[in-house]
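# Observations on the model geometry
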Amino acid sequence: MQIDRKLRPSSASLARVARRAALTRRAALTRRPVLTSRAALTALTALTALTVLTPAPALAASAAFELPPLVSPASTEHHVGKLVWADLVTTDVDAAKTFYAALFGWTYRDISGQKDFVIAFVNDRPVAGMIRRELPKGEQRRPAWLPFLAVRDVAQAAQIIQARGGKELAVEHNYPQRGRQAVFADPQGAVFAVLASSAGDPPDVLAAPGEWIWSSLMTVDPDTDAAFYQRVFGYEVYDLPADNAPGTPAAQHLVLSSGEYARGSANSFPAGRLGHPHWLNFVRVADAAATAAKAVSLGGQVLSEPHLDRHGGRIAILADPAGARFGVMEWTENDSGEAAK
Amino acid sequence: MSRLSVKWAAASAMILALCAAGCVVPGDAGYGDVGVGYGVNFYEPFDNYGYEGPGYLVGPPRGGDRRLPGYRPGAHAYRGAPAGHAMPSIPHGGPRDHR
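### Some points on the side chain of N267 of chain A
- Structurally, N267 of chain A is set in strand β13 (residues 261-268).
- When its relative accessible area of 1% is taken as the criterion, N267 of chain A is described as buried.
- One polar contact links N267 of chain A to S265 of chain A, side chain to side chain, over a distance of 2.9 Å.
- When residues no more than four places from it in sequence are discounted, the contact partners of N267 of chain A are S216, L217, M218, T219, P222, Q252 and H253 of chain A together with L57 and V58 of chain B.

Structure (structure tokens):
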């Protein structure tokens, strides 16, 4: 085929074209979009926001926050429905430490990385946590002791609680050495927590002085509440005779038991004392009257004078200087010596 | 800065985000985020407060109490313990060294 010589490219120009094409291809292959200063700034802003929006305590928490195991050495005992722990939520942890140390002989250990949280010990056994939490300005609320009741499966308990009208206040979370826990309000509004201890539950023996021994739910409807807690913890429910004085409404008292032991009670408020439903947790003491007097000398209050309970055991209802309610109870081996087994 | 690679920036962002997400406590069950988890709901409302009198008979039974003959649990929302079950008390005794 004949080609016009003028149109035929020379070998040199062909080589130039080929080189240029190759360079273009390579440039196309290696070309990358670049960030302008504005784009880079946007990316950095997004990263900064991500970091800032992530709560700093939470970032530090998983590394630093380690609660002591509930039982040491670990055991395989589990006592569903038993009061195994309590946390005080208050505005002044230092004042609370001073008060409870003087009252019960509690000692304390700080939690690494947490200036607002301490653990209280009795005879080297952890019994309670104290957490500082500021109240928003204008909020009229009272510090409180939050009871932790033992469960085997927090997720299952959460499901039952919510299906039965309870409200989840803090979602299930696992803490190394401690186990899984979550916080709820029952249908009447009383706040409680459940804990599936990874080290087992404390043994079923009489609490030592300074340890939690009992918990009473004060509520407007013990009947319905007992049914709720029975569903969650599998309690056997025993009704006690009403103790109303002549002319006053009958006060209902129900004993909640599991594993053949009484774990707590659900009670009507005393006549004329309606309030917000709450769990009232009791610490074992050697002398309820002396403890009440000491509480007053330390700035606390006596809400119910020391008195003999219906079955024996002298109790008193107290409040710490910040207003958190708790009970104290005398109890001896003889008091429960007749326990049905 | 003006020549930062998009790939590098994206990769860095992803790594940082993953690190942050890995450290965040999902939800707030309390301790890890003390400032967040223990919310105001954990305080009690400021209700009728003060001296409450001697009406608190809320302690545990001694145990062993039997129901009266012919006892029948009434109609309740809860399922009453069988009539034959004796009322239990709290744990007693035990291996601890401080009784």
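### So, the sheet that holds strand β14 (residues 278-285) of chain A
All names here are of chain A.
- Here eight strands make up an open sheet; going across it, the order is β11-β12-β13-β10-β14-β17-β16-β15 and the pairing mixed. Strands with a single pairing partner mark the edges of an open sheet, and in this sheet they are β11 (236-240) and β15 (301-308). Neighbour-to-neighbour, the strand axes of the sheet open up by a mean angle of 25°, direction not taken into account.
- One ladder, built from five bridges, connects β15 with strand β16 (residues 314-319); its direction is antiparallel.

### Things to note about the packing of helix α5 (residues 154-163) of chain A against helix α6 (residues 222-233) of chain A
All names here are of chain A.
- Interhelical geometry of α5 versus α6 gives an angle of 155° and a closest axis separation of 9 Å. Here α5 lies roughly antiparallel to α6, going by the angle between them. For the pair α5 and α6, the sense of crossing is right-handed. Of the residues in α6, those in contact with A157, I160 and I161 of α5 are F228, R231 and V232.
- Looking at the contact of α5 with α6 residue by residue, the classes come out as five nonpolar, no polar and one charged.

### Some words on the pattern of salt bridges
Residues and elements named next belong to chain A.
- All told, the structure shown has eight salt bridges over all chains when counted by the stated rule.
- A salt bridge links R125 to E211; its shortest N-O distance comes to 2.8 Å. Residue R125 is found in strand β4 (residues 125-132), and its partner E211 is found in the loop between β9 (191-197) and β10 (212-219); the two are separated by 86 residues along the sequence.
- With a relative accessible area of 7%, E211 lands in the buried category.
- When the shortest N-O distance is used, the salt bridge between R141 and E139 registers 3.4 Å.
- Overlapping salt bridges bring together K82, D204 and R263 as one network.

How each quantity is defined
Residues numbered from 1 in each chain as written. Chains lettered and ligands numbered in written order. Predicted model: local features only at pLDDT ≥ 70, side-chain atom pairs only at ≥ 80, totals over all residues. Heavy atoms only, no water. Helix = DSSP H or I, 4+ residues; strand = E, 2+ residues; numbered from the N terminus. Buried < 20%, exposed > 50% of the residue type's maximum accessible area, 1.4 Å probe, protein only. Polar contact = N/O pair within 3.5 Å; in protein donor to acceptor, adjacent residues only side chain to side chain. Contact = heavy atoms within 4.5 Å. Pairing = 2+ DSSP bridges. Axes fitted to C-alpha atoms, helices over the stretch in contact; angles between N-to-C directions. Parallel < 35°, antiparallel > 145°, perpendicular 65-115°, else oblique. Left-handed = near helix turned anticlockwise from the far one by under 90°. Nonpolar A, V, L, I, M, F, W, Y, C, P; charged D, E, K, R; others polar. Salt bridge = Lys/Arg side-chain N within 4 Å of Asp/Glu carboxyl O.

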